[in-house]
Structure formats: structure tokens, C-alpha cells
Amino acid sequence: MWYVISSPSLSLCFFSLIQDLLGTTMNSTVLPPGTYWGQYQDITKFNTHLSVAERLWVAWYAWVQNDVLATGIMSFVIHELFYFGRSLPWVFIDSLGFFKRYKIQSSKVPSLREQWDCAKFVLLSHFTVELPQIWLFHPMAQFCGLSTSIPFPSPWTMTYQIAIFFVMEDTWHYFFHRALHWGPLYKAIHKIHHQYSAPFGLAAEYASPIEVMILGFGTVSCPILWCAFTGNLHILTMYIWIVLRLFQAIDAHSGYEFPCSLHHFLPFWAGADHHDLHHEKFIGNYSSSFRWWDYLLDTEYTPDALKRRRGKKVKAKKTQ
Ligand SMILES: [Zn+2]
Ligand SMILES: [Zn+2]
């Protein structure tokens, strides 16, 4: 079978690999179809300088023989695996009554039935709304210059880029989420997400398809925008960013606040107690990952913020 690889950078790298392998020119390269692990072994034999992750990556694209399909399948599987994989421990924690003392709204523990209904809705949305968009991801990523080649970027490059994406996405999320709380938009779009006044992990993506598109656009477009300006982004960094953002969203909806929760160490990190209050009170705490936008624009809804606001009002009255 002839190998057809559409990603230019990956094609180059892969064809030079095959040339090394067979000592032939690109035009006369013919390989048997083989299995994924057969591909992996072939690549391993002649590319000992590559890391295991890089060999797995190259073997995947080489085996699928279609970059759009390879990226599409990988993106969808990663999303499902990490969304449900991260949510499942919270389902057990709720059902078995672990960590009851850390439940924020302790009288509102979701039943298994509620969680199952929510999971069905989310799955339907993933297959009908997200899957077609994920299929467009590879062509869009290529158009914007995202790399799929090896070697992978260094851990430092991935770390600083992901930190920037968290800040950018949080800004997008704050303003669009706040806009979704405007009466007509709330009724038409955002009300679905607020069906659960005491959220749980699986409810992170329980939302109208329009909301999934508006807020999901921030998650995807911030890295794309970064790449458009810098020309420096690997799809792997994008995947790690999306997985971390999923973890953030699921944990923020978990309904549990622990003494070891991240915001106790990083005071500007939002965390579950920030978003749980948003679901309980339907107002304030609009941002996703950080607390600074709510603080700066006075939309924080925490006991401290309420106290501060009351203090300001009293002061204003006294000066009148
Ligand atoms: Zn909301
Ligand atoms: Zn929410």
C-alpha cells in the first residue's frame, strides 16, 4: 500500500525515515500495510534517538495514513477519555459518600440517576456537536501553522505556552460567560448549564450546544491566535492544554473544597468554591481559572467580597 501523508512537516520527516530504512527514493517507497505496533517497531529499530512518546506519535500518523483522520480520532478519544476519566472518581465520591465533610453544598448530593442523565446529555452533545467540529481541527491547525512533526517541543516551551493559554482563555470566559447572564441570553442559552444549582464533575459540559461553541471557542482559538502571531505551537501542547482545561472545569464543578485545594496555595486560582457559589447564587464569579477579573470588575461573590461591598456602601452613606 502507498503511504500518503498530507502534513508537510510530518511527510518530510516520515519519508526521510523510510528512505533511511529502505535506501530508496521517495517515489519508489512501498511498505506493507502492517499493524500499528509493526509500524512502531520499524520506527524504533531505526530511530533510537526518538523518545517513546515521539515514536508512538509518528507510528500513529504513519499507520492511519490520513492526517485529518489521525488528528480527528486522536482529538476525540483524548477528549472522551479525559472528560469521563476525570469525572468518574467524583461520581464514586458522591455515590459512596466519601469526603462528605468537604462537600460545599452538603445537603445537595446528586443521585446516580441525575448523574447518569447528565452523562447521556453530555455524550449526545459530544457526538453531535463536538465531533463534527473536531474533524475540522486538523485542516484549521495546518492553516494556522500548528506543527505535528517531531521532535516535540521542550517541557519549558509547553509550560509557558499553556500558562499563557490559561490567562487568555480565562479572559475570554469571563466576558462571554458574564454576557450569557444577560436576561435574554440567559433564558435562551445559559439556563441549561444552571439546571444544577449544586454542580458535580460530569456537569462541567452540561450546556446548550450554542454555549459549548461560544465558550469552547475560547479554549481552541486562544492557542490558534498565539500560533498565528508567533508561528510556534505544536499540536501536542494544544492537547495537553485542552486536557488541563478539562481537569480545571471538572474540578471546578466537583462540589468539593479540600484543605489541599489549589487556591489555598495560589490565592488567584478560582477552584471549586468559586464556581460552586456561582451555581448556587446564579450571580458573580464568572471567570473560569482565575479570580482577578471578578476582583477587578467587582463581580466576586464570596463572603469577603460581600463584606467589602457592604463596607463600601456604609462608607458612601456616611459621606453623603
Ligand atoms: Zn453561569
Ligand atoms: Zn458551571
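Residues numbered from 1 in each chain as written. Chains lettered and ligands numbered in written order. Predicted model: local features only at pLDDT ≥ 70, side-chain atom pairs only at ≥ 80, totals over all residues.

Peer 1: For the overall build of the protein chain, give the residues involved together with the corresponding values.
Peer 2: Summing up its helical and strand segments, the protein chain has 13 helices and zero strands in all. Taken from N to C terminus, the helices and strands of the protein chain fall in the order α-α-α-α-α-α-α-α-α-α-α-α-α. In the protein chain, buried positions account for 31% of the 320 residues. The long-range fraction of contacts in the protein chain, counting pairs at least 24 apart against all pairs at least 6 apart in sequence, stands at 66%. (Helix = DSSP H or I, 4+ residues; strand = E, 2+ residues; numbered from the N terminus. Buried ≥ 20, exposed ≤ 12 C-beta atoms within 10 Å, placed from the backbone. Contact = placed C-beta atoms within 7 Å.)

Peer 1: Could you give an account of helix α7 (residues 155-180), naming the residues involved and the relevant values?
Peer 2: In a regular helix each residue adds 1.5 Å, so 26 residues correspond to 38 Å; α7 covers 36 Å between its end C-alpha atoms and thus fits that length. Among the residues making up α7, those that are buried are Gln161, Phe165, Glu169, Asp170, His173, Tyr174, His177 and Leu180. Close packing links the buried residues of α7 with α8 (183-188), α9 (209-230), α10 (235-252) and α12 (292-296). (Expected span 1.5 Å × (residues − 1).)

Peer 1: Got a sec to walk through the UniProt feature "transmembrane region" (unreviewed entry) in the protein chain? Specific residues and values, please.
Peer 2: As recorded in UniProt, the feature "transmembrane region" (unreviewed entry) lies at residues 223-244. With 82% helix and 0% strand, residues 223-244 has end C-alpha atoms that lie 14 Å from one another. (UniProt positions renumbered as here; feature names shortened; annotations may be inferred.)

Peer 1: I'd like to hear about the packing of helix α3 (residues 52-64) against helix α4 (residues 67-96), residue by residue, with values.
Peer 2: Two elements in contact, α3 and α4, have axes separated by 8 Å at closest approach and are oriented at 125 degrees. Considering the angle they form, α3 stands oblique to α4. The way α3 lies across α4 gives a crossing that is right-handed. On α4, the residues touching Trp60, Tyr61 and Val64 of α3 are Asp67, Leu69, Ala70 and Met74. In terms of residue class, the contact of α3 with α4 is made up of six nonpolar, no polar and one charged. (Axes fitted to C-alpha atoms, helices over the stretch in contact; angles between N-to-C directions. Parallel < 35°, antiparallel > 145°, perpendicular 65-115°, else oblique. Left-handed = near helix turned anticlockwise from the far one by under 90°. Nonpolar A, V, L, I, M, F, W, Y, C, P; charged D, E, K, R; others polar.)

Peer 1: Describe α9, with residues and values.
Peer 2: For α9, which comprises 22 residues, the first-to-last C-alpha distance of 31 Å matches the rise-based estimate of 32 Å (1.5 Å per residue) to within 8%. Maximal helix bending in α9 amounts to about 30 degrees, located at Val220; proline Pro223 follows within four positions. The complete set of buried residues in α9 reads Glu211, Val212, Ile214, Leu215, Gly218, Thr219, Cys222, Pro223 and Cys227. Contacts from the buried residues of α9 go to α5 (112-135), α7 and α10. Within two residues after α9, Gly231 carries a phi angle of roughly 65 degrees, on the positive side. (Bend = angle between axes of the 7 residues up to and from the residue.)

Peer 1: How would you explain the environment of His253 if you had to name every residue and give the values?
Peer 2: Relative to the elements of secondary structure, His253 occurs in the loop between α10 and α11 (271-281). When sequence neighbours within four positions are dropped, the list of residues in contact with His253 reads Pro199, Phe200, Gly201, Ala203, Ala204 and His275.

Peer 1: Tell me about the nonpolar core, and name the residues and values.
Peer 2: Judged by nonpolar contacts, the single largest core of 34 residues is most densely connected at Leu146, Ala203 and Met238. For this core, the secondary-structure elements that each account for two or more residues are α4, α5, α6 (137-143), α9 and α10. It is α10 that contributes the most residues to this core, eight residues altogether. Leave out the neighbours within four places in its chain, and Leu146 touches Ala141, Cys227, Leu233, His234, Ile235 and Met238. The next biggest cluster of nonpolar side chains, apart from the first, holds eight residues, and it includes Val58, Ala59, Ala62 and Ile150. (Core = buried A, V, L, I, M, F, W, Y, C linked by C-beta atoms within 7 Å.)

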